[in-house]
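Residue-level structural notes
Each chain, letter by letter, is given below.
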Amino acid sequence: MDPKEACLQVLGDAGGETLHWTVVFDRALTGRLIDPFTTSDVRGAVVKSLAALAKEGRVVKQGTGLYRALAD
């Protein structure tokens, strides 16, 4: 799965809860949404994906390293 899609899924599954990027990273790996053997620099990919999603307005940045899904 693409890192952006994985981040969106993790944040969507969080039910509106604000998550630190490390939690998003952990849940994406634990849920096998991102394969660390096929994605180079997985940590960087997650951080960059979250920043891009926030810039695009697809997620809300709540503070330094904190993100949540948009409210429905």
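Residues numbered from 1 in each chain as written. Predicted model: local features only at pLDDT ≥ 70, side-chain atom pairs only at ≥ 80, totals over all residues. Heavy atoms only, no water.

For a regular strand, side chains alternate in direction, first toward one face of the sheet and then toward the other. Pairing of strand 2 (residues 59-63) with strand 3 (residues 66-69) involves four bridges; the strand directions are antiparallel. Its bridge partner lying in strand 3, Lys61 is registered against Tyr67. From the end of strand 2 to the start of strand 3, which pair antiparallel, there are two residues, and Gly65 there has a positive phi angle of about 75°. (Pairing = 2+ DSSP bridges. Helix = DSSP H or I, 4+ residues; strand = E, 2+ residues; numbered from the N terminus.)

An α-helix turns once every 3.6 residues. As a result, residues three or four positions apart point the same way. All of the buried residues in helix 1 (residues 3-13) are Pro3, Ala6, Cys7, Val10 and Leu11. Down the axis of helix 1, the buried set is contained in an arc of 125°. They therefore lie on one face. Phi turns positive, to about 65°, at Gly15, one or two residues after helix 1. (Buried < 20%, exposed > 50% of the residue type's maximum accessible area, 1.4 Å probe, protein only. Arc of directions from axis to C-beta.)

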